[in-house]
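# What the coordinates show
Residues per chain, in single letters:
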Amino acid sequence: MSDLIETLRRLQTVDAELFRLRREQQQKPLALEHARQLVAEQQANAQAAEARLKALQVERKQKELELATQEAEVKKLQAQLFQVKTNKEYTAMQHEIDQHKADISLIEESIIALLDAIDQAAREHRAQMERVAQEQATLREEEAKVAKELEGIGRQLATLEQQRQAVTPMVQRDTLSAYERILNIREGLAMVPLVKESCGGCHMVQPPQVVSEVWLKAKLVTCESCNRILYVDDATNDR
Ligand SMILES: [Zn+2]
């Protein structure tokens, strides 16, 4: 029986490492999710900056069309100015021309303001695109790093699986499946030492009868609270 406990403890050492590595294997790719999210967010920022730039460019085209229309109108009225017959008509037409010229100045001012805004929006768009490239480079670096780490984990897992297969034939099928059931429920920790009179897993104080049974090593004894298999660790117990 004490041989069986020793075998199970060896198995537990391998299994604890297997559980730890499998957890890592699952969690590693999650770190990439964050970097992927940053790329997606930055791409959205860049798209928004591009949309703002395009909207300003459309506005500028509209203003230039307006300007051309107003200028054509002034030219037309100036040509008509020589054909008017009365002073009253002349004054009215001159007034109309002045109105158009005032409108033209306003449009020209807004075009100048738009050119500034377009410059600024174009700079902002370029900066956002550079940030996209940066985030993408970071993501690629992290992807390469995680891939390398996962490769290492894969190799370690293969080695541990081999070690496990060398030990499991030494344990009876029923005992092995009982151990594995506890191992899975308790996430990789099925064998725990007795620490004084307490379970080394859940720290519950064990009844005296359970403690002596663990010391007797005549059968496998489990903690009444967490169901883990208890053993005496000679290194930590001196009785
Ligand atoms: Zn326990």
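Counting restarts for each chain, with residues numbered from 1 along the sequence as it is written. Given that this is a predicted model, residues contribute local features only at a pLDDT of at least 70 and side-chain atom pairs are listed and counted only at 80 or more, while totals for whole chains, interfaces and linings are drawn from all residues. Excluded from the side-chain calculation are hydrogens and water; included are all heavy atoms of the structure.

## Describing the sheet that holds strand E3 (residues 221-222)
A pair of strands is labelled paired if DSSP reports no fewer than 2 bridges between them. Counting from the N terminus, the helices are the DSSP runs of H or I reaching at least four residues and the strands are the DSSP runs of E reaching at least two. The strand order E2-E1-E4-E3 describes an open sheet built from 4 strands, whose pairing is mixed. In this open sheet, the two edge strands, each paired with only one partner strand, are strand E2 (198-199) and E3. Two elements, strand E1 (residues 191-195) and strand E4 (residues 229-231), share 3 bridges in a ladder whose sense is parallel. Bridge pairing links Val192 to Leu230 in E4. Along the sheet, helix H1 (residues 2-80) contacts E1 and E4; its crossing angle with E1, the most-contacted strand, is approximately 115 degrees. Working rule for contacts: check all heavy atoms of both residues, and any pair within 4.5 Å makes them a contact. Where helices are involved, their axes are fitted lines through C-alpha atoms of the stretch in contact, as for all axes, and angles between N-to-C directions lie from 0 to 180°.

## Points about the domain arrangement of the protein chain
Delimitation of the domains relies on an automatic or database domain assignment. The domain boundaries assigned to the protein chain delineate domain 1 (14-168) and domain 2 (173-231). Domain 1 and domain 2 are separated by 61 Å when their C-alpha centres are compared. Across the contact, 6 residues belong to domain 1 and 7 residues belong to domain 2. Carbon and sulfur atoms supply 57% of the area buried between domain 1 and domain 2, which totals about 500 Å² over both sides. Every case where a carboxyl oxygen of Asp or Glu lies within 4 Å of a side-chain nitrogen of Lys or Arg is listed as a salt bridge. With a shortest N-O distance of 3.0 Å, Arg164 and Glu180 are connected by a salt bridge. Side-chain atoms alone can form a polar contact between residues adjacent in sequence; in general such a contact is a pair of N or O atoms within 3.5 Å, and within protein one must be able to donate a hydrogen while the other accepts it. Joining domain 1 to domain 2, the criterion identifies 2 residue pairs in polar contact (both at pLDDT 80 or more). Gly falls in the polar group here, along with every residue not listed as nonpolar (Ala, Val, Leu, Ile, Met, Phe, Trp, Tyr, Cys, Pro) or charged (Asp, Glu, Lys, Arg). Residue composition of the side of domain 1 that touches domain 2, grouped by class: 2 nonpolar, 1 polar and 3 charged. Here the quantity called buried area is the total loss of accessible area, with a 1.4 Å probe, experienced by two parts when brought into contact, counted for both.

## So, the coordination of the zinc ion
Put simply, a metal with four donors set out as a tetrahedron has ideal angles of 109.5 degrees, and one with six donors set out as an octahedron has ideal angles of 90 or 180 degrees. Water is not part of the atom set, so a site may look incomplete; the donors themselves are N, O and S atoms within 2.8 Å of the metal, or 3.2 Å for Na, K and Ca. Listed as protein donors to the zinc ion are Cys199 (SG), Cys202 (SG), Cys223 (SG) and Cys226 (SG); their distances from the metal cover 2.2 to 2.4 Å. Irregular is the default label, applied whenever a site is not tetrahedral (four donors, all angles between 85 and 135 degrees) and neither square planar nor octahedral (four or six donors, opposite donors over 155 degrees apart, all other angles between 65 and 115). In this structure, the zinc ion is surrounded by 4 donor atoms whose angles at the metal cover 101 to 114 degrees, and the resulting shape is tetrahedral. For the zinc ion, the donor residues sit on a single chain with the sequence spacing C-x2-C-x20-C-x2-C. Of the two residues, Cys202 sits in the loop between E2 and helix H4 (208-216) while Cys226 sits in the loop between E3 and E4, which places them 24 residues apart along the sequence. Throughout, exposure labels follow a simple rule: accessible area from a 1.4 Å probe, protein chains only, divided by the maximum for the residue type, with under 20% read as buried, over 50% as exposed, and the rest as partly exposed. Note on Cys226: relative accessible area 5%, which makes it buried.

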